[in-house]
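Breakdown of the fold
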Amino acid sequence: MNVHPDWLDHAYKESLKKVVTLSHKIGVSFPHVCLNGSYNCEDVSFWTSGFWGGLLWLAYRETKDEALKKLAINIEQELNIPLFDFYDIHHDVGFMYLPTAIVNYQWTGNEESRRTGLITASHLAGRFNLKGQFIRAWTDRVDPNSTGWAIIDCLMNLPLLFWASKEDHDPRFRHIAVAHADTVLKHFVRDDWTVPHIVSFDPETGEKIENLGGQGLGPDSVWSRGQAWAIYGFAIAARETGKAEYLTAAKNIANYFLSHLPEDRVPYWDFKTSEADKHVRDSSAAACTASGLLELSMLLEDQTEKSYYYESAVAILKGLYDNYADFSDQQDAILTKGTVSYPVNKHVNVPIIYGDYYFVEALAKVHGHPGLF
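Residues numbered from 1 in each chain as written. Predicted model: local features only at pLDDT ≥ 70, side-chain atom pairs only at ≥ 80, totals over all residues. Heavy atoms only, no water.

**Focus on the packing of helix H2 (residues 51-63) against helix H4 (residues 93-108)**
Put simply, the rule is: Note on method: axes are straight lines fitted to C-alpha atoms, helices fitted across the in-contact stretch only, with angles between N-to-C directions ranging 0 to 180 degrees. Only DSSP runs of H or I reaching four residues or more are called helices, and only runs of E reaching two or more are called strands; each is numbered from the N terminus. Two helices crossing with the near one rotated counterclockwise from the far one by less than a right angle form a left-handed crossing, whereas a clockwise rotation gives a right-handed crossing. Residues are treated as being in contact if the distance between any of their heavy atoms lies within 4.5 Å. Charged means Asp, Glu, Lys or Arg here, nonpolar means Ala, Val, Leu, Ile, Met, Phe, Trp, Tyr, Cys or Pro, and polar covers whatever is left, Gly included.
Across the interface, H2 lies against H4 with an axial gap of 7 Å and an inter-helix angle of 35 degrees. At the point where H2 passes H4, the crossing takes the left-handed sense. For the pair H2 and H4, the contacting residues are Phe51, Gly53, Gly54, Trp57, Tyr60 and Arg61 in the first and Phe95, Pro99, Thr100, Val103, Asn104, Trp107 and Thr108 in the second. By residue class, the composition of the contact of H2 with H4 is seven nonpolar, five polar and one charged.

**Details of the pattern of salt bridges**
Let me state the cut-off plainly: The salt bridge definition used is simple: a Lys or Arg side-chain nitrogen within 4 Å of an Asp or Glu carboxyl oxygen. Relative accessible area decides the class of each residue, using a 1.4 Å probe on protein chains only: under 20% of the type maximum gives buried, over 50% gives exposed, and in between gives partly exposed.
Enumeration according to the criterion identifies 19 salt bridges in this entry. For Glu112, the salt bridge goes to Arg115, with nearest N and O atoms at 2.5 Å. Placement of the pair is Glu112 and Arg115 together in helix H5 (residues 111-126), with a separation of three residues, close to one helical turn. Residue class for Arg115 comes out partly exposed when judged on its relative accessible area of 40%.

**Focus on the sheet that holds strand S5 (residues 149-151)**
Inclusion rule: Paired strands are those between which DSSP finds at least two bridges.
Reading across from one edge, S5-S6-S7 is the order of the three strands in this open sheet, with antiparallel pairing throughout. The open sheet terminates on both sides in strands that have one partner only, identified here as S5 and strand S7 (208-212). In this sheet, adjacent strand axes meet at a mean angle of 25 degrees when their direction is disregarded. Here strand S6 (residues 198-201) runs beside S7; their pairing, made up of four bridges, is antiparallel. Opposite Ser200, over in S7, you have Glu210 as the bridge partner. Set on the sheet, helix H7 (residues 171-187) makes contact with S5, S6 and S7; between it and S6 the angle comes to about 100 degrees.

**Overview of the environment of Asp202**
The cut-off we apply is this: Under the rule applied, a polar contact is a pair of N or O atoms within 3.5 Å (in protein, one hydrogen donor and one hydrogen acceptor; residues adjacent in sequence only if both atoms are side-chain atoms).
Note that Asp202 resides in the loop between S6 and S7. The exposure class assigned to Asp202 is partly exposed, which follows from its relative accessible area of 26%. Each C-alpha atom of the pair Asp202 and Gly132 lies 7.7 Å from the other, and the pair is 70 residues apart in sequence. The residues contacting Asp202, other than those within four sequence positions of it, are Glu207 and Ile209. Of the polar contacts made by the side chain of Asp202, one reaches the backbone nitrogen of Glu204; its length is 2.8 Å.

Listed below in structure tokens is the structure:
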């Protein structure tokens, strides 16, 4: 497993090189999608605002370029604005602050970053619906009907709670994370080991009302990025708790994902999409799954299983490298053909910042580094 084909070394080297080059172009920014060759800049409160900082930390770890570290810290300081404004902050504080403030604290010991991390964890814990045992998604500003909504993506925010529980020696955070993960097991995971994007609960009684399609094709469809969040999220939950049922879920959802991939190993935006729409891909789902499979592989003792998920991750990375990676200076992004939300025709077959992030993170794992969180 430690001998890397030339393409893996080339992919890692060129990806890091592109991050360094891009750092000079966009500086303190909050990119989401790459349009006409250039990354856009979202509001600092947008859920993807931590991924560029995370890419900078990934590149800094390998290059020790102090300019990258300084830029990442400057981005983190800007992220304090929505946190203390409060009104536009949401459930995705894990995506925002884990690859920024938490990494800064863990690598440099910065006390202000630790404080930021604990505040964000407290905010996430405060979104917990006791009756339904779930963390509420979004805010009324995003959707006034979302008071009782939980989404599969939120599994990826739970590492913030696990970190805070250990850091503050307080099991409350961990209890909430476990309760939410258990709710996802009970109410999201279907008999065929797939998950919907959204589950709606009665916020007063906690009773499940229905599945909702969200960014997937429909309530009963198999949105590929949702499966990626589930694979990676359950793997992390298993790592943090040792609970066998989380590991089982991660493996079985991964098995479905892998068995339904097209030849190039990059999924359609939804596994149940029509033939006419199979040109719509999501490279970000592939990259996230690759990193999640590597995480899963590290948790397994059986060598056959361990090798299977590791090699499956590498096969996905190879598919991305061969067919979707762009290391040129013609566009800011690394991966092409990510899809944000096909049902509303929002950013279809375009590069997405979290696709780049998980691609580089997965390459770093193959080269012996742990994930950032």
